[in-house]
Amino acid sequence: MATIIRKIYVGALILLTVIILSSCSSSRANSGEAVMQWSGSWPRPPLFQGNYFANGGIGEATNFVFEGLVQNVRISNEQHLRLAESIDFYDEYAEVKLVEDAVWHDGEPLTSKDIWAFYMLNNGAEVTQYMKEIELVDEKTLRIYWLQPQANEIVLSFLLGQDKQATIPYHIYRKYVDRAAELLEQASAYTEEEQLLKKGKFGLKIDDDLQNKLDENWQEFLVAGPELPIGTGPFTISRVTSSDMLLEKFPHYYLAEKIKFDKVTIKNPGTEGAAGFALLRSGQIDYFDGTPPQDILESLLAANKDLVHFKMLDPASVGILYNQDRPPFDQKEFRQAITYAIDRSKAREVGNVYGREPRTSITGLVPSDKENWLKPEVIEDMRDYSYNPEKAEEILENLGWSRDGDGVWRDPDGVRPNFVIGVNAAWQNGLMPGQIVAEQLTAFGMPTRLMAVDGTVYFDNVIKDEGLYEMSLDWVDVAWGFMFPWQSIREVYEGNIARMMHMPRYEDDHKDPEKRGKINLRLKSYDRVEFDVREVMQQIPYMDEEEYTEWFSRLAWINNEEAYGINLFQNVTGTWLNQAHLDGLPLESQIEPYDRNIPVPETDEEMREVLKTNFFNSGIQPFIEGQYRPKE
């Protein structure tokens, strides 16, 4: 038996307890009340409604109002129990005991039927691909039976942590939940072999007619209200306009004594990033996330002496993706040459001066996380793509390329290249690095220009047909959810990153329905093991630690060798807190020595403390644990 009551550190599953936090806090005495000032966006009335799953959800208020069984923390791989008092893993099932006194905002008790309701109606949640059924033991206990073969506990734990299970109160949405359950009962089960390929929800074979009925039921649910959300979280929404939202402490929250703020006010600064920084500068908000360019960061600190900025690693990198459908980027050796020809230091300096430069191309792993999952000898053996224009030139000459009288490269047929790097014009942090790379390649003799495209068409331009650009600048080596590398490597082969790189795929009308549109790629890694990528990715969730370490090492090594793109720098993000309004800031002894501009922590312990301040890393865990308090 294993139990989720401890933290899950890299590689090993330990019982999860409390530690990390997120958000930020600060407060202001207003009529004797402790008020936290925040900013963010939401669907503006009359589009706003209380259904978590409706278009746009409830925006910035989500983590204050809704919660799940477990809170995942990005980068640190910690987990914290929330609505689950405990989660115990046995041979065939996990037993979940709910917090005894958790209640919905309308006063109804949270029960195991509510968790069941979430997965019946929201049956597209990824973890249902590994569930067989859910047994309701009593009002506060449920058992989740897993399909066999059973996925490993790290995958199952993190998948459970992805979901906010307390978002479909059964007493409100009974009609739609019962209808979904009734429809699912009509489906037959896949065999074990079929399920490994099909990944059916609850292992079920759902035909188009049945899926259409499930979809119709879901669409009716999306417009079923209520007007304001009903969750189980520490705050309720009492007022919402286009510009402001007011949240009030829920007095019956099961950890109400830990919540030190009576209200949270949220201002909507609109889509302009400068507006958010203006609110921060003037002291109208007490929390903001992100690390702006160095000059803006320093000007904010100079303008408001109460602000403190904490930097932290982001599980995402900025990089260039090569389009394999546009020659000569279909050649591995050419991709390697271009990767050697780029001086990533110059791109980092204009994109994020605090970023961390890897020496690899693209591996599928967050660079700072490689040591946690890969064999040390494999990391040491990876090709070093440090800036080396001489090496780039040698490779190109071996491919039959040569320079003309102007120093411009020509391919073996004598044709001059004319490359384009596409980028989303709205992504300010991407424009300058993209321009630098275009200038570098042009100076190297590969004429290249940056094309900034409206964000509404950028992605389609990159992926449709053969793509409009030879390269695109975007997020790479990114873990949007948890840090188990199976998730981030999937992006290279199956996700949007794969589509942007035009990875080879089976035709949509392939004679084998199981292969249609799927990755069609065989690779050979450092140990000369040849494998089918699709088959390996399907098997990883079921592997033990020794097996997945071996395969993560193989995949990362060969991805780097293939040079599907270049990781320019791992992003460094940050948290802004207003110390005039807030007690309980992390690393308080460093605030004065660093003049309120705290660098990326060097130790794991300090990194965990800083990560917990960031809303996108760990939700509102600081509120839950009472770490942040109003300044007295």
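Position labels on residues start from 1 in each chain and follow its written sequence. With the structure being a predicted model, the display of local features is reserved for residues of pLDDT at least 70 and the display and counting of side-chain atom pairs for 80 or more, all residues being used for whole-chain, interface and lining totals. The side-chain values count all of the structure's non-hydrogen atoms but skip hydrogen atoms and water molecules.

What follows is about the overall build of the protein chain. Here a strand is any run of E in DSSP of at least two residues, a helix any run of H or I of at least four, and the numbering for each starts at the N terminus. Check the secondary structure of the protein chain and you find 23 helices and 29 strands. Taking 2.2 N^0.38 as the reference for a compact globule, 632 residues should give roughly 26 Å; the C-alpha atoms of the protein chain span a radius of gyration of 25 Å, in line with that estimate. Based on the C-alpha atoms only, the size of the protein chain along its principal axes is roughly 80 × 65 × 45 Å. Residue exposure (1.4 Å probe, protein chains only): buried if accessible area is under 20% of the type maximum, exposed if over 50%, otherwise partly exposed. The burial tally for the protein chain puts 59% of its 632 residues in the buried class. Contacts were defined at the residue level, with two residues in contact if any of their heavy atoms lie within 4.5 Å. In the protein chain, the proportion of contacts linking residues at least 24 apart, taken out of those at least 6 apart, comes to 71%. Areas reported here follow the Shrake-Rupley algorithm with a probe of radius 1.4 Å; residue values treat only the protein chains shown as occluding. For the protein chain, the computed accessible surface area is about 25,600 Å², with 45% contributed by carbon and sulfur atoms. Each radius of gyration is computed over the set of C-alpha atoms, and the globule rule expresses the reference value as 2.2 Å times the number of residues to the power 0.38.

Turning our attention to unusual backbone geometry. If a residue is not glycine, its phi is most likely negative; likewise, a peptide bond is most likely trans. With omega at 10°, the peptide bond leading from P45 into P46 counts as cis. Secondary-structure assignment places P46 in the loop between β5 (33-39) and α1 (62-65). A cis amide bond, omega 5°, links G225 with the succeeding residue P226. Turning to its location among the elements, P226 is positioned in the loop between α6 (208-222) and β14 (235-240).

Turning to the packing of helix α4 (residues 170-184) against α6, a few remarks are in order. Only the stretch in contact is used when fitting a helix axis, every axis being a line fitted to C-alpha atoms; angles between N-to-C directions are given from 0 to 180 degrees. Viewed as axis vectors pointing N to C, α4 and α6 meet at an angle of 170°, and their least axial separation amounts to 10 Å. Relative to α6, the element α4 is oriented roughly antiparallel. Residues Y173, Y176, R179, A180, L183 and L184 of α4 lie in contact with α6, whose contacting residues are L210, K213, L214, N217, E220 and F221. Ten residue types, Ala, Val, Leu, Ile, Met, Phe, Trp, Tyr, Cys and Pro, are classed as nonpolar, four, Asp, Glu, Lys and Arg, as charged, and the remainder, Gly among them, as polar. In the contact of α4 with α6, the residues fall into 8 nonpolar, 1 polar and 3 charged. Under this scheme an angle from 65 to 115 degrees is roughly perpendicular, one under 35 degrees roughly parallel, and one over 145 degrees roughly antiparallel; angles in between are oblique.

Time to look at the pattern of salt bridges. Should the charged atoms of two oppositely charged side chains come close, the side chains can pair. Note on definitions: salt bridges are taken to be side-chain nitrogens of Lys or Arg within 4 Å of carboxyl oxygens of Asp or Glu. In this structure the tally under the stated criterion is 25 salt bridges. K213 is the salt-bridge partner of D209, the closest N and O atoms lying 3.5 Å from each other. Here K213 and D209 lie together in helix α6, a separation of 4 residues that amounts to about one turn. Overall, the relative accessible area of 48% leaves D209 in the partly exposed class. Residue K631 pairs with D583 through a salt bridge whose shortest N-O separation is 3.1 Å. In this pair, K631 sits in the segment after β29 (629-630) while D583 sits in strand β27 (residues 582-583), placing the two residues 48 residues apart along the sequence. Residue K631 is classed as partly exposed on the basis of its relative accessible area of 40%. Sharing partners across several salt bridges, the network here consists of K375, D527, E550 and R554.

Turning our attention to the pairing of strand β22 (residues 448-453). Sheet topology note: the strand β21 (residues 419-424)/β22 ladder contains 6 bridges and is parallel. If you follow F419 over to β22, its bridge partner there is T448. When the strands point away from the viewer and the path from the first strand over the helix to the second turns clockwise, the crossover is right-handed. On the question of chirality, the crossover connecting β21 to the parallel β22 by way of helix α14 (residues 428-444) is right-handed. By this definition, two strands are paired if DSSP reports at least two bridges between them.

Centres within 6.5 Å are what make two rings of Phe, Tyr or Trp a pair, Trp counting through its six-membered ring; a difference in plane orientation under 30 degrees is then read as stacked, over 60 as edge-to-face, and the rest as tilted. According to the stated counting rule, one finds 44 aromatic pairs in the structure shown. Considering the side-chain rings of W427 and W475, the 5.0 Å spacing of their centres and the 40° angle between planes classify their relative orientation as tilted. One end of the pair, W427, is in the loop between β21 and α14; the other, W475, is in strand β23 (residues 471-476), and 48 residues separate them in sequence. Exposure remark for W427: the relative accessible area of 16% places this residue in the buried category. Classification of W475 as partly exposed rests on a relative accessible area of 22%. Whether a charge lies above a ring is judged from NZ of Lys or CZ of Arg, which has to be within 6 Å of the ring centre and within 35 degrees of the ring normal. We note K311 situated over the ring of Y354; from NZ or CZ to the ring centre the distance is 4.7 Å. One Lys or Arg, R403, reaches over the ring of F444 and ends 5.2 Å from the middle of that ring.

This part covers a negative patch on the surface. Patch definition: residues with relative accessible area over 30% and no salt bridge; like charges joined within 9 Å; nonpolar side chains (Val, Leu, Ile, Met, Phe, Trp, Tyr) joined within 5 Å. Asp and Glu are treated as the negative residues and Lys and Arg as the positive ones, with His and the ends of the chain left uncounted. Charged side chains are reduced to one point each, which is NZ for Lys, CZ for Arg, CG for Asp and CD for Glu. Together, E85, E100, D101, D138, E139 and E257 make up a negatively charged patch on the protein surface. Assignment of secondary structure puts D101 in the loop between β9 (93-98) and α2 (112-121). Judged by relative accessible area, D101 falls into the partly exposed class, the value being 45%.

This paragraph deals with the side chain of N63. Secondary-structure assignment places N63 in helix α1. What qualifies as a polar contact is a pair of N or O atoms within 3.5 Å, subject to a donor-acceptor requirement within protein and to the restriction that residues adjacent in sequence count only when both atoms come from side chains. Of note is the side chain of N63, whose polar atom sits 2.8 Å from the side chain of K164. The residues touching N63, leaving out its near neighbours within four places in the chain, are K164, F615, G619 and I620.

Before going further, it helps to spend a moment on the nonpolar core. The term nonpolar core refers to a set of buried residues drawn from Ala, Val, Leu, Ile, Met, Phe, Trp, Tyr and Cys, joined through side-chain atoms within 4.5 Å. Counting 161 residues, the largest nonpolar core has F64, Y119, W146, F484 and Y493 as the members making the most contacts within it. The leading source of residues in this core is α4, at 8 residues. Setting aside residues up to four positions removed in sequence, F484 forms contacts with N77, N152, I154, V155, F158, W373, I540, Y548 and F552. Of all hydrophobic cores here, the second largest spans 34 residues; its members include A337, L396, A438 and L441.

Here the focus is the packing of helix α7 (residues 273-281) against helix α8 (residues 294-303). Contact pair α7 / α8: the axes reach a minimum separation of 9 Å and the direction vectors enclose 25°. Taken as axis vectors, α7 and α8 run roughly parallel relative to one another. Judged by residue contacts, F277, L280 and R281 of α7 engage S299, L300 and A303 from α8. Within the contact of α7 with α8, the residues separate by chemical class into 4 nonpolar, 1 polar and 1 charged.

With that out of the way, let us pick up the confidence of the model for the protein chain. As a per-residue measure, pLDDT tells how confident the predictor is, with possible values from 0 to 100. Per-residue confidence for the protein chain gives a mean pLDDT of 93, with 95% of residues at or over 70. Under a pLDDT of 50 for its full length, residues 1-30 has, in the predicted model, 158 contacts with residues more than four places off or in other chains.

What follows concerns α7. Residues spaced three or four apart along an α-helix face the same direction, because each turn holds 3.6 residues. Those residues of α7 not exposed but buried are G276, F277, L279 and L280. An end-on view of α7 places all buried positions within 155° of arc, on one side of the element. Against β5, β16 (263-267), β17 (287-289), α8, β18 (307-322) and β26 (565-578) lie the buried residues of α7. G283 sits one or two positions beyond α7 and adopts a positive phi of about 80°. The directions from the helix axis to the C-beta atoms are what the arc is built from.

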